[in-house]
Amino acid sequence: MEYEISYLPIRPDSLKTNTTVGCDIYLLTRTMAEVRFVLYCKRDAVFDEAKKEMLVVQKIKSLFIKKEEQPAFFDYLENNFQHIVSDTNIPSDERTKIVHRAATNLVKDLFADPSTGNIERIKAFAHNMVDYVIEDSKAAESLLKIAVHEYDSYTHAVNVVAIGTLFGQKLGLGPKGLKGLCAGILLHDVGKTKISTDILNKKGKLTEGEFGIVKKHPELGVEILEETGIEFKEELIITLQHHENDDGSGYPYGLKKDEIHPCGKIARILDVYDALTANRSYRDAVRPFDALKEMKYGMLNCFDIDLFKKFICFFGPYDLREKKGKSDRLQN
Ligand SMILES: [Fe+2]
């Protein structure tokens, strides 16, 4: 039916009272004769206590927005992030999904337009996300569960950020280091926005010349970040070093071992994990366990061994909960 395509459901508890949402919100009404969407709260009207009470009284579990207004709703979620993630009335899993949706939209916007405004949004998100995982360990766990078990290509980038931030927390990074790490992971490939999509999306092997161009993206990324102002040094390090391999075979500088900053080492592990678990034009995504296996048996030269072991230990319990036994083999 047409309405299913043009309207999207939203959760009523993702709306904060006394705010304007910025897009029209609809109720679904059903009669014997028809099913239709009725305007419930106009884009510039205040969602107040009375409106909320009406939803509670009528036990309404879903509201709807028009599909074309989804970006405005994502902006709303992003701006009210703190409210949503700290609202204990919303189940932890649901809060995590809301965080995901807002962040996914953010990443899409960044790659469509790597402007100062969008980079600032990324930094604000990194601040909020780190506060969120530090303050609420249950929420952090639910974020990781989604990251490991959901394979939607839109949420993929955010999944890797969640994994990286929580791994950084496990390694003992403090709030400032974590915020830098989180922002750095979100921004690390921003240099690709200066490279032709014909090359980036090319099916099949790149020519030497094309690969030479791709290899410039870490430095191009640093240029973009320097133009927009740096908040955390980790952002620059991660952007510049996320393709450097432990044995010196990476790029752009062929740094090895401790010439690579700890954040660069973390970023290298995450970048490979990201590449393996994402759906790409030239290969299907592999499951997290298989990605770790491929990293261990085929690419160990890329990583700092101690750090990689910690990554597997960090990951094992989440990934392999249903497949006990395999984790032991990876950790040996
Ligand atoms: Fe990259």
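Residues numbered from 1 in each chain as written. Predicted model: local features only at pLDDT ≥ 70, side-chain atom pairs only at ≥ 80, totals over all residues. Heavy atoms only, no water.

Remarks on the layout of surface pockets
The test is simple: Using a grid of 1 Å spacing that covers the protein atoms alone, one calls a set of points a cavity when a 1.4 Å probe fits there but cannot get out, and a pocket when the set is open and has protein on both sides within 12 Å along at least five of seven lines; lining residues are those with an atom within 4 Å of a point. Grid points are joined across faces, edges and corners, and a volume is the space filled by probe spheres set on the points. Elements are defined by DSSP. Helices are runs of H or I of four residues or more, strands are runs of E of two residues or more, and each kind is numbered from the N terminus. Each residue gets one of three labels, nonpolar for Ala, Val, Leu, Ile, Met, Phe, Trp, Tyr, Cys and Pro, charged for Asp, Glu, Lys and Arg, and polar for the others, Gly among them. For the domains described, the bounds stem from an automatic or database domain assignment.
In this structure, the second largest pocket spans a volume of roughly 330 Å³. If you go around the second largest pocket, you meet 16 residues; those closest to its centre are Pro12, Asp13, Lys52, Val56 and Ile60. In terms of residue count, the dominant contributor to the lining of the second largest pocket is helix α2 (residues 49–57) (three residues). Across the lining of the second largest pocket, the residue classes tally to six nonpolar, three polar and seven charged. The two domains that each donate at least three residues to the lining of the second largest pocket are domain 1 (1–68) and domain 2 (80–331).

Quick word on the confidence of the model for the protein chain
Atomic detail in the predicted coordinates should be set aside for any region of low pLDDT. Using the following cut-off: Per residue, pLDDT captures the predictor's confidence, and it can take any value from 0 to 100.
Per-chain confidence: the protein chain averages 84 in pLDDT, with 87% of residues scoring 70 or above. When mean pLDDT is compared element by element in the protein chain, helix α11 (residues 208–214) scores highest at 95, while helix α17 (residues 326–331) scores lowest at 50.

Structural notes on the coordination of the iron ion
Under the convention used in this document: Ligating atoms shown are N, O and S within 2.8 Å of the metal, or 3.2 Å for Na, K and Ca, and water is not included, meaning a site may look less than complete. In these descriptions, tetrahedral denotes four donors with every angle between 85 and 135 degrees, square planar four donors and octahedral six donors with opposite donors over 155 degrees apart and the rest between 65 and 115, and irregular any other case. Using a 1.4 Å probe on the protein chains alone, a residue whose accessible area is under 20% of its type maximum counts as buried, one over 50% counts as exposed, and one in between counts as partly exposed.
Bound to the iron ion are the protein donor atoms Asp189 (OD), His217 (NE2), His242 (NE2) and His243 (NE2), situated 2.1 to 2.2 Å from the metal. For the iron ion, the four donor atoms in the first shell make angles of 84 to 174° at the metal, a pattern classed as irregular. All donor residues of the iron ion come from one chain, and their arrangement in sequence is D-x27-H-x24-H-H. Linking histidine 217 in helix α12 (residues 217–228) with histidine 242 in the loop between α13 (233–241) and α14 (262–277), this pair joins segments that are 25 residues apart in sequence. We note that histidine 217, like histidine 242, is buried.

Some details on unusual backbone geometry
In this chain, tyrosine 251 is followed by proline 252 through a cis amide linkage whose omega measures 10°. Despite not being glycine, lysine 59 has its phi angle at roughly 50°, a positive value. Along the polypeptide, lysine 59 turns up in the loop between α2 and β6 (63–66). For lysine 257, which is not glycine, the phi torsion reads 35° and is therefore positive. If you trace the backbone, lysine 257 turns up in the loop between α13 and α14.

As for the pairing of strand β3 (residues 25–30)
For clarity, the cut-off: Strands were regarded as paired on the criterion that DSSP finds at least two bridges between them.
Bridging between β3 and strand β4 (residues 35–41) involves six bridges; their strand directions are antiparallel. Its bridge partner being in β4, tyrosine 26 is matched across the sheet by leucine 39.

Here we look at the nonpolar core
Taken as a class, soluble globular proteins show a tendency for nonpolar side chains to be buried jointly. Let me state the cut-off plainly: Here, nonpolar core refers to any group of buried Ala, Val, Leu, Ile, Met, Phe, Trp, Tyr and Cys residues whose side-chain atoms link them within 4.5 Å. Residues are treated as being in contact if the distance between any of their heavy atoms lies within 4.5 Å.
Core analysis: the biggest nonpolar cluster contains 58 residues, and Phe125, Met129, Ile163, Tyr273, Met295, Phe311 and Phe314 have the highest contact counts within it. Leave out the neighbours within four places in its chain, and phenylalanine 125 touches Phe81, Val99, Ala103, Leu106 and Leu186. Counting residues in each nonpolar core, the second largest holds 21 residues, with Tyr40, Cys41, Phe47 and Leu77 among its members.

Some thoughts on the pattern of salt bridges
Rules: Salt bridge criterion: a side-chain nitrogen from Lys or Arg within 4 Å of a carboxyl oxygen from Asp or Glu.
With the rule as written, the count across this model stands at 15 salt bridges. One salt bridge connects arginine 43 with aspartate 24, and the closest N-O pair in it is separated by 3.0 Å. You can see arginine 43 sitting in the loop between β4 and β5 (46–47) and its partner aspartate 24 sitting in the loop between β2 (19–20) and β3, a full 19 residues away along the chain. Overall, the relative accessible area of 36% leaves arginine 43 in the partly exposed class.

Focus: the packing of helix α5 (residues 92–112) against helix α6 (residues 116–135)
Test applied: To obtain each axis, a line is fitted to C-alpha atoms, and for helices this fit is confined to the stretch in contact; angles are then taken between N-to-C directions over 0 to 180 degrees. Here the word oblique covers every angle except those under 35 degrees (roughly parallel), over 145 (roughly antiparallel) and from 65 to 115 (roughly perpendicular). Crossing handedness is defined as follows: a turn of the near helix away from the far one that is anticlockwise and smaller than a right angle gives a left-handed crossing, while the clockwise case is right-handed.
Between α5 and α6, whose axes approach to 10 Å, the crossing angle comes to 160°. In terms of orientation, α5 and α6 fall into the roughly antiparallel class. For the crossing formed where α5 meets α6, the hand is left-handed. Residue-level inspection shows Ser92, Arg95, Thr96, Val99, Ala103, Asn105, Leu106, Asp109 and Leu110 of α5 in contact with α6, the latter providing Asn118, Ile119, Arg121, Ile122, Phe125 and Tyr132. For the contact of α5 with α6, the residue count by class is eight nonpolar, four polar and three charged.

Some words on the packing of aromatic side chains
Formally: Centres within 6.5 Å make a pair out of two Phe, Tyr or Trp rings, where for Trp the six-membered ring is used; the pair is then stacked when the planes are under 30 degrees apart, edge-to-face when over 60, and tilted otherwise.
Counted according to the given criterion, the structure contains ten aromatic pairs. Here the aromatic rings of tyrosine 7 and phenylalanine 37 are separated by 3.9 Å at their centres, their planes lie at 5°, and the arrangement is stacked. Taken together, the positions of tyrosine 7 in strand β1 (residues 7–10) and phenylalanine 37 in strand β4 put the pair 30 residues apart, joining distant regions of the chain. For tyrosine 7, a relative accessible area of 15% gives the class buried. Pairing phenylalanine 303 with phenylalanine 308 gives two aromatic rings, centres 5.1 Å apart and planes at 20°, and the pair type is stacked. With a relative accessible area of 1%, phenylalanine 303 lands in the buried category. For phenylalanine 308, a relative accessible area of 3% puts it in the buried group. Aromatic ring contacts, followed pair by pair, group Tyr7, Tyr26, Phe37 and Phe64 into a single cluster.

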